[in-house]
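Architecture at a glance
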Amino acid sequence: MIQIKTDAEIDKMRAAGLVVGRALALLTQAVAPGISTGELDAMAESYIRSEGAVPSFKGYHDYPATICASVNNQIVHGIPSMREVLREGDIVSLDCGAILDGWHGDSAVTLAVGDIDPALQRLIDVTEESMWRGLAAARIGGRVSDISHAIEEYARPFGFGIVEEYTGHGIGTEMHQEPAVPNFGKPGRGPEIVKGLALAVEPMLNLGKRHTRMLDDGWTVVTKDGSPSAHFEHSFTLTDDGPLVLTALDGGKSKLAALATVG
Ligand code: MF3
Ligand code: CO
């Protein structure tokens with residue numbers, strides 16, 4: 001079922017989204033060579049609880065942690081560990097979700113650990129930009145696949161593998177709701193985008209081919225060819241004044257304004 005939120009409900013989702021956005025800002029400051037993904041997980045959990053919110057991933061289908069931390073060739077759903085220490089040159093995707101007052105926020109960033117290869121920085125930058133192009137393509141009266149198409153159209157020419165098995169999703173009183181938001185496809189398909197629809201948009205791009213493999217832990221998704229992978233995610237909604245990025249500290253204003261002038 002597609003859940004359409006009232007303005008008051010969107011205000012609650014914004015509050016939940018800000019908790020997630022601030023948690024990721026904290027982790028972004030903390031990421032450096034020598035820190036473990038387990039330590040980052042503990043920081044995220046204590047911050048989320050200090051805000052009176054609850055980590056949404058913990059216990060979701062028995063997932064054991066507050067964040068997903070996916071290093072290098074891990075695409076998504078890497079399980080944090082005190083034994084997994086980040087090293088100079090790594091890239092790490094941190095995915096975080098929280099529930100505040102019954103409403104969910106979900107967001108992810110990919111970060112450089114110290115100095116990284118320029119090819120990896122480009123992978124990160126293109127993945128983030130593809131997410132913003134997707135968000136900027138959403139219009140009231142448009143269709144969900146307009147977002148998918150904008151992501152693919154931007155990412156494809158760079159030659160990165162666009163992961164197909166995992167998609168964005170509706171979000172509200174559950175983390176995962178209909179509709180799915182694929183990261184590729186023709187425009188003008190899928191459900192209509194209406195005011196009060198909230199979606200999480202989350203492209204995953206691989207330096208090599210698109211294909212994925214699941215590790216024996218039943219969670220960690222890695223690239224089949226072993227190449228590094230990047231992932232970004234924001235939860236957003238459409239208001240009468242345009243997109244509001246619920247998990248961005250500034251609501252996405254600066255980035256969306258810059259994109260509007262690009263056309
Ligand atoms: N945040 C992921 C998503 O964007 C889901 C995490 S799966 C979990 O859809 F098990 F870790 F919660
Ligand atoms: Co998500």
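Residues numbered from 1 in each chain as written. Chains lettered and ligands numbered in written order. Predicted model: local features only at pLDDT ≥ 70, side-chain atom pairs only at ≥ 80, totals over all residues. Heavy atoms only, no water.

What about the packing of helix H1 (residues 7-30) against helix H2 (residues 37-50)?
Relative orientation of the contacting elements H1 and H2 amounts to 145°, with a least axis distance of 10 Å. Handedness of the crossing formed by H1 with H2: right-handed. Here Val19, Arg22, Ala23, Leu26, Leu27 and Ala30 of H1 lie close against H2, whose contacting residues are Leu40, Met43, Ala44, Tyr47 and Ile48. Here the contact of H1 with H2 is composed, by residue class, of 10 nonpolar, no polar and 1 charged. (Axes fitted to C-alpha atoms, helices over the stretch in contact; angles between N-to-C directions. Helix = DSSP H or I, 4+ residues; strand = E, 2+ residues; numbered from the N terminus. Left-handed = near helix turned anticlockwise from the far one by under 90°. Contact = heavy atoms within 4.5 Å. Nonpolar A, V, L, I, M, F, W, Y, C, P; charged D, E, K, R; others polar.)

Some points on the pattern of salt bridges
Across all of its chains, the model carries 9 salt bridges by this definition. The partner of Glu164 in a salt bridge is Arg210, with the nearest N and O atoms 3.7 Å apart. A residue pair is termed long-range when its members are at least 10 positions apart, and Glu164 in the loop between strand E6 (161-162) and strand E7 (168-170) and Arg210 in the loop between strand E10 (204-206) and strand E11 (212-214) qualify at 46 residues. On the basis of relative accessibility, which here comes to 32%, the residue Glu164 falls in the partly exposed class. (Salt bridge = Lys/Arg side-chain N within 4 Å of Asp/Glu carboxyl O. Buried < 20%, exposed > 50% of the residue type's maximum accessible area, 1.4 Å probe, protein only.)

So, the pairing of strand E15 (residues 242-245)
As paired strands, strand E14 (residues 234-239) and E15 are joined by 4 bridges and run antiparallel to one another. Note that in E15 the partner of Thr237 across the bridge is Leu244. Linking E14 to E15, which pair antiparallel, is a turn of 2 residues. (Pairing = 2+ DSSP bridges.)

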